[in-house]
Amino acid sequence: MNIAQLNTGGEIFYSLQGEGARAGSPAVFLRLAGCNLHCSWCDTKHSWGRGVAMEEKKLAAQILGYESPGLVITGGEPLMQAAALEKLLALLPETLYVEVETNGTLAPTDYLKERVNQWNVSPKLAHAGNGAAAIVPHALAAFVETGNAWFKFVVTGEADWDAIATLGLPRERIILMPCATTREQLETARPAVVEMCLQHRVRFGDRLHVALWGDKKGV
Ligand code: SF4
């Protein structure tokens, strides 16, 4: 399995979930290498390369060593390594709450649908600069069918709403988040996103890790 490289090793660390429906929950973070999109504002561009190869057995032992109740698999795009991900999760206890962060362009495998407790799907809108490759309707439908997916959108303002609405996702599962990688940007961007959430009756999602640690990596 290829893990994103941070400093001299693979990016695995213990922290608090910073986004989405379980924001604030303690979890081990495992960032997988490689992404099939190239968002202009991506804050994890270091994950785009080949990363560091690590054996699933060793990774599982390292994850268990944190004694964490949760695991967040992020990227890059984790589903590009679906087979290795299945192998890793098979080595971990069922009691471990597993969240997977995905851009929603690749449908989950049957095994992952069964095992993953929560999908944090983050489809990318036009301002991310990926063109038509960013929205794959059949993959999004597969996530809706799991019944345990949340759809997080990074928005820059009201102009983004039409593109979100046309996707036909369950409204009670939509979370809007400000586009921000620093505390200053977050402060500035929040009010417009709060307004959008009130207007369209959807959830607001803050960026707790940015509020706590700014743009620091590996926390
Ligand atoms: S999908 Fe995520 S990891 Fe990939 S380029 Fe976009 S923001 Fe970065």
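Asks: Could you give an account of the overall build of the chain, with specific residues and numbers?
Replies: A count of helical and extended segments in the chain gives 7 helices and 12 strands. Taking 17 Å as the expected radius of gyration for a compact globule of 219 residues, we find that the chain reaches 16 Å, a close match to that expectation. Structurally, the chain occupies a C-alpha span of about 45 × 35 × 30 Å along its principal axes. About 10100 Å² of surface is accessible on the chain, with carbon and sulfur atoms providing 53% of the total. One way to put it: in the chain the 20 positive side-chain charges average out to a point 3 Å from where the 23 negative ones average out.

Asks: How would you sum up helix H2 (residues 82–90)? Please name residues and give values.
Replies: Within the sequence span of H2, burial applies to Ala-82, Ala-84, Leu-85, Leu-88 and Leu-89. Looking straight down H2, one finds its buried side chains confined to an arc of 155°; they lie on one side. Facing away from the buried side of H2 by over 90 degrees, the exposed positions are Ala-83, Lys-87 and Ala-90. Of the surrounding elements, those touching the buried residues of H2 are strand S5 (26–31), helix H1 (56–65), strand S7 (70–74), strand S8 (97–102) and helix H3 (110–115).

Asks: Pulling in residues and values, what's your account of the site of the ligand?
Replies: Residues in close proximity to the ligand include Cys-35, Leu-37, His-38, Cys-39, Cys-42, Thr-44, Trp-48, Gly-76, Asn-103 and Lys-124, which together make up its full environment. For the shell around the ligand, the class distribution of residues is 5 nonpolar, 4 polar and 1 charged.

Asks: Could you give an account of the pattern of salt bridges, with specific residues and numbers?
Replies: Side chains that differ in charge, positive against negative, can pair when their charged atoms come close. Enumeration over the complete set of coordinates arrives at 9 salt bridges. Arg-207 serves as the salt-bridge partner of Glu-19, at 3.2 Å between the closest nitrogen and oxygen. Of the two residues, Glu-19 is situated in the loop between strand S4 (12–16) and S5 and Arg-207 in the loop between strand S12 (203–204) and helix H7 (208–213); the sequence distance between them amounts to 188 residues. Across the pair, Arg-207 and Glu-19 agree in class, each one buried.

Asks: Quick one: what's the story with a nonpolar patch on the surface, residue by residue and with numbers?
Replies: Taken together, Leu-16, Leu-212 and Trp-213 make up a surface patch of nonpolar side chains, about 230 Å² in accessible area. When you line up the elements, Leu-212 lands in helix H7. Residue classification places Leu-212 among the partly exposed positions, given a relative accessible area of 38%.

Asks: Provide a residue-level description of the packing of aromatic side chains, including the pertinent values.
Replies: Summed over all chains, the structure comprises 3 aromatic pairs. Taking the centre distance of 6.2 Å and the plane angle of 20° together, the rings of Tyr-14 and Tyr-66 count as stacked. Pair noted here: Tyr-14 is in strand S4 and Tyr-66 is in the loop between H1 and S7, with a separation of 52 residues, a long-range link. Residue classification places Tyr-14 among the partly exposed positions, given a relative accessible area of 44%. Assessed through its relative accessible area of 31%, Tyr-66 is described here as partly exposed. With centroids separated by 5.3 Å and ring planes inclined at 65°, the aromatic side chains of Trp-119 and Phe-143 adopt a geometry described as edge-to-face. Pair noted here: Trp-119 is in strand S9 (residues 118–121) and Phe-143 is in helix H4 (residues 137–146), with a separation of 24 residues, a long-range link. The residues Trp-119 and Phe-143 share a single accessibility class, namely buried. Over the aromatic face of Trp-150 sits the side chain of Arg-173, whose NZ or CZ is 4.3 Å from the ring centroid.

Rules and cut-offs
Residues numbered from 1 in each chain as written. Predicted model: local features only at pLDDT ≥ 70, side-chain atom pairs only at ≥ 80, totals over all residues. Heavy atoms only, no water. Helix = DSSP H or I, 4+ residues; strand = E, 2+ residues; numbered from the N terminus. Rg over C-alpha atoms; globule rule 2.2 N^0.38 Å. Areas by Shrake-Rupley, 256 points an atom, 1.4 Å probe, with all protein chains shown as cover. Lys, Arg positive; Asp, Glu negative; His and termini not counted. Charge placed at Lys NZ, Arg CZ, Asp CG, Glu CD. Buried < 20%, exposed > 50% of the residue type's maximum accessible area, 1.4 Å probe, protein only. Arc of directions from axis to C-beta. Contact = heavy atoms within 4.5 Å. Near = heavy atom within 4 Å. Nonpolar A, V, L, I, M, F, W, Y, C, P; charged D, E, K, R; others polar. Salt bridge = Lys/Arg side-chain N within 4 Å of Asp/Glu carboxyl O. Patch = residues over 30% accessible without salt bridge, like charges linked within 9 Å, V, L, I, M, F, W, Y side chains within 5 Å. Phe/Tyr/Trp six-rings, centres within 6.5 Å; stacked < 30°, edge-to-face > 60°. Lys NZ or Arg CZ within 6 Å of the ring centre and 35° of its normal.

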